[in-house]
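# Observations on chain architecture
Spelled out from the first residue to the last, the chains are:
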Amino acid sequence: MSLFSLAYLAQKVSVAAQWQSQVLSYFGLFNQMDDFARGVVDTRTVIFYASATFFFLFLTLRVVESRRWK
């Protein structure tokens, strides 16, 4: 599942699962880009993108290292 589709999935979660909907919508990339599109630089959004970038770079490094040792 892509991070792009999390906003759509958050809308489809039932009303009884309100906190799950909030978590899914927070990780949706389109919701995070709304502030940037309006010209507002929010530190929460910058930290989100920086931490996501470092997390996926870390995972990529692990995959490359594991392939090197095979």
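Residues numbered from 1 in each chain as written. Predicted model: local features only at pLDDT ≥ 70, side-chain atom pairs only at ≥ 80, totals over all residues. Heavy atoms only, no water.

## Things to note about the side chain of Thr-45
Position of Thr-45 relative to the elements: it lies in helix α4 (residues 43-68). When neighbours within four sequence positions are excluded, Thr-45 is seen to be in contact with Gln-32, Asp-35 and Phe-36. (Helix = DSSP H or I, 4+ residues; strand = E, 2+ residues; numbered from the N terminus. Contact = heavy atoms within 4.5 Å.)

## Quick notes on the pattern of salt bridges
One pass over the structure, following the stated rule, counts two salt bridges. In this structure, the salt-bridge partner of Arg-62 is Glu-65, at a minimum N-O distance of 3.7 Å. One end of the pair is Arg-62 and the other is Glu-65, both in helix α4 and three residues apart, which spans about a single turn. For Glu-65, a relative accessible area of 25% puts it in the partly exposed group. (Salt bridge = Lys/Arg side-chain N within 4 Å of Asp/Glu carboxyl O. Buried < 20%, exposed > 50% of the residue type's maximum accessible area, 1.4 Å probe, protein only.)

## Things to note about the confidence of the model for the protein
With 70% of its residues at a pLDDT of 70 or more, the protein shows a mean pLDDT of 78. Predicted confidence in the protein is weakest over helix α1 (residues 6-12), with a mean pLDDT of 66, and strongest over α4, with 90. (pLDDT = per-residue confidence, 0-100.)

## Re the packing of helix α3 (residues 29-38) against α4
Taken N-terminus to C-terminus, the directions of α3 and α4 make an angle of 135°; their axes are 10 Å apart at the nearest point. With respect to each other, α3 and α4 are oriented oblique. When you trace α3 past α4, the crossing you get is left-handed. Within the contact between the two elements, α3 uses Leu-29, Gln-32, Met-33, Asp-35 and Phe-36 and α4 uses Thr-45, Val-46, Phe-48 and Tyr-49. Classifying every residue of the contact of α3 with α4 by side-chain character gives six nonpolar, two polar and one charged. (Axes fitted to C-alpha atoms, helices over the stretch in contact; angles between N-to-C directions. Parallel < 35°, antiparallel > 145°, perpendicular 65-115°, else oblique. Left-handed = near helix turned anticlockwise from the far one by under 90°. Nonpolar A, V, L, I, M, F, W, Y, C, P; charged D, E, K, R; others polar.)

## Observations concerning a nonpolar patch on the surface
Where nonpolar side chains cluster on the molecular surface, the patch consists of Trp-19, Val-23, Tyr-26 and Phe-27 and spans about 430 Å² of accessible area. With respect to the helices and strands, the residue Tyr-26 is situated in helix α2 (residues 18-27). (Patch = residues over 30% accessible without salt bridge, like charges linked within 9 Å, V, L, I, M, F, W, Y side chains within 5 Å. Areas by Shrake-Rupley, 256 points an atom, 1.4 Å probe, with all protein chains shown as cover.)

## Concerning the environment of Val-41
By the secondary structure assignment, Val-41 is in the loop between α3 and α4. Once residues lying within four places of it in the same chain are set aside, the contact partners of Val-41 are Phe-36 and Val-46.

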